Amino acid sequence: MELHDYLRVIRERKWIIIQAVIVFLAVAFFISYSQKPVYEATTIIDLKSRAPSLFDIYMSSFWGDSERTMETQMRVIKQRRLAQSVASKLGLDLTPEEIQGKIVTSKIELTSLMEIKIRDTDPKRAQEIANVLTEEYVIFRKETNIQEIGAARRAVYNKMQEVKEEIIDLGRKIADESGSISSDIQTQWNMATGIYVTLGEKYEQLRIDETLTGSGIDIIEKATFPGAPVEPDIQRNVLIALAGGLMFGFLASFGIEYLDNTIKNREDLERIIGLPILGQIPTDTFTGKEGGLVTIEYPKSAPSESFRTLRTNIRYLNYDKSLHNIIITSAGPQEGKTTTAANLAASIAQTGTQVILICGDLRKPALHKIFGIKKSPGLTNVLSGTIDLDKVIQDSGIEGLKIITSGPIPPNPAEMLASSRMFELLESLRRRADIILIDTPPINLVTDAAVLSSFTDGVILVTRAGITTKDMLLAAKDSLSKVTTKVLGVVFNDADIRKYGYYKRKYYYYKYGNYYGYGDGYYSSKKRPKETKKNSDKDEPQK
């Protein structure tokens, strides 16, 4: 796919994207406004404060790795013991687990600072819990430090007792020696007494530290009353919903496009059918229930120009005047074959050519609705021998164009179209008109077009973007290979004939309309008066 193909998909599937965004936004607003406001109270503490230097010796596991210490203390703050103390001190009707669920801790990067946040639907309670929790944590940290220093002091005391026993043993050895003391014993004595003195000093220092030590934590900022809720964050929710809706819409659009097996553009059509493209009729030509005569109602519009191009291409094919009877058929229903036949007949008649348009769709006729004429009597009346040919040829209101409608729907359409009377009717009409166009049912559904082809000089296949599937097109190609007449080419309806898909649709039509004299081109908010139906328009457009 090229860029204009992606833009075409977005343009054609824009309502899927819009609906997805609307749904996502609606859900976001519903959730935002149905959610209770949540308030956040924050305290900031500093974990960098240090205990006395001697304490560092015995607390290296706590203070040695600041990153690990921070992570550890973030977990300690959330422990059940502290939550239970908070609930008890504030007299809250909350379980420790509920309080733990309100605690959010985070570190401030490149600092030794930690944020303790409490989220609650009650702003006052959030403030109180945040401050009391911080205070309880400081108390807990102090108690822990005292316990650890006490353990260190007791360890030093035990070591002193061991050294003391060693000194007593050395004293006995010295007393046993008469007069002279060996250098080895003297060395041991000096070392033991030195260690004992040092341990004694450390013991006294730890005893003092145990009395004076703090938590090693400073409260930098206490929690204040939160004035505005942090949740729901409507702006954030809307942005997320908008992004999610767009993403889902785009994925759905391109997913549907991938699964869509219909013909999208001329390149697809040419690759599959392998036949000349006689004409591309722009998008929105066939928006009516049964189509319309745009070549008469809007002769200066781009769709009318496309039908004149189709007329010109058929004239080139008929350079030797061998084409008199031409079948107009389609691969399947709703592809605009009847509208194409009507507008092509009107366009050819505008050049002064005598045209007879026959409704050969004896199953679901629609030609009479386009021209606003009677359906009966018509073709089936002539083929059944109940009425003369002259009595079923109706005036279309367009100079040079006559119409034969279907007449009553018969029980055996294919047999009537394949009869000798149909052949005789066409031969008779050859003498009355320069060209005869026959609107027939879709070739994939019934055999009417195939059986009628033996009496005609050519077949034109009508397809429609977004309606004709690739399988239908392949089946039509196979059916056309079996007809006994020449396949002239294909008409591509609802085609996006603009070179670049990002041009606005109306801009294209305005361009043509302004060039030919209509300020509003093909579209208008006001109903434009119909032009005279006796429009000679004999000038062919340049290709």
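Draft legend 1. Highlighting the sheet that holds strand β8 (residues 393-395). Across the sheet, eight strands lie side by side as β5-β12-β11-β6-β10-β7-β9-β8; this open sheet has mixed pairing. Taken across any chain shown, the strands that pair with only one partner, and hence form the sheet edges, are β5 (277-282) and β8. Neighbour to neighbour, the strand axes of the sheet diverge by 25 degrees on average, direction disregarded. Relative to strand β12 (residues 487-495), strand β11 (residues 458-464) is paired through six bridges, and the arrangement is parallel. Its bridge partner lying in β12, I460 is registered against G489.

Draft legend 2. Spotlight on a nonpolar patch on the surface. On the surface, V23, F24, V27, F30, I31 and F248 cluster together into a nonpolar patch covering about 580 Å² of accessible area. At five residues, helix α2 (residues 14-34) tops the list of elements feeding residues into the nonpolar patch. By the element assignment, V23 lies in helix α2.

Draft legend 3. Looking closely at the pairing of strand β10 (residues 435-439). Here β10 lies mainly inside the structure; five of its five residues are buried. In this structure, strand β6 (residues 325-330) lies alongside β10, joined through four bridges in parallel fashion. Among the inter-strand pairings, I328 is bridged to a residue of β10, identified as D439. Of the strand pairs in this sheet, strand β7 (residues 355-359) and β10 are connected by five bridges, and their pairing is parallel. Across the sheet, I356 pairs through a bridge with I436, a residue of β10.

Draft legend 4. Geometry of the sheet that holds strand β4 (residues 218-221). In spatial order, the strands read β2-β3-β1-β4; together these four strands make up an open sheet with antiparallel pairing. The two strands at the open ends of the sheet, each matched to only one other strand, are β2 (103-107) and β4. Taking each pair of neighbouring strands and ignoring which way they run, the sheet shows an average axis angle of 30 degrees. As paired elements, strand β1 (residues 39-46) and strand β3 (residues 113-120) share eight bridges and run antiparallel to each other. Paired with D46 across the bridge in β3 is L113. Here helix α8 (residues 123-176) sits on the sheet in contact with β1, β2, β3 and β4, set at roughly 20 degrees to β1.

Draft legend 5. Representation of the nonpolar core. With 40 residues, the main nonpolar core has I358, L379 and L425 as its most contacted residues. Not counting residues up to four positions away in its chain, the partners in contact with L425 are I358, L379, V382, L383 and L389. Counting residues in each nonpolar core, the second largest holds 34 residues, with L323, I328, L357 and I435 among its members.

Draft legend 6. How the structure looks around the pairing of β2. Here β2 runs beside β3; their pairing, made up of five bridges, is antiparallel. The partner of T105 across the bridge, within β3, is I116. If you look at the hairpin formed by β2 and β3, you'll find five residues sitting between the two strands, and L110 has a positive phi there, around 65 degrees.

Draft legend 7. Examining unusual backbone geometry more closely. Residue E231 is joined to P232 through a cis peptide bond whose omega torsion reads 0 degrees. Within the secondary structure, P232 sits in the loop between β4 and α10 (234-259). Put simply, S376 and P377 share a cis peptide bond, and its omega is 0 degrees. Mapped onto the secondary structure, P377 falls in the loop between α15 (367-371) and α16 (379-383).

The rules behind each value
Residues numbered from 1 in each chain as written. Predicted model: local features only at pLDDT ≥ 70, side-chain atom pairs only at ≥ 80, totals over all residues. Heavy atoms only, no water. Pairing = 2+ DSSP bridges. Helix = DSSP H or I, 4+ residues; strand = E, 2+ residues; numbered from the N terminus. Axes fitted to C-alpha atoms, helices over the stretch in contact; angles between N-to-C directions. Patch = residues over 30% accessible without salt bridge, like charges linked within 9 Å, V, L, I, M, F, W, Y side chains within 5 Å. Areas by Shrake-Rupley, 256 points an atom, 1.4 Å probe, with all protein chains shown as cover. Salt bridge = Lys/Arg side-chain N within 4 Å of Asp/Glu carboxyl O. Buried < 20%, exposed > 50% of the residue type's maximum accessible area, 1.4 Å probe, protein only. Contact = heavy atoms within 4.5 Å. Core = buried A, V, L, I, M, F, W, Y, C linked by side-chain atoms within 4.5 Å.

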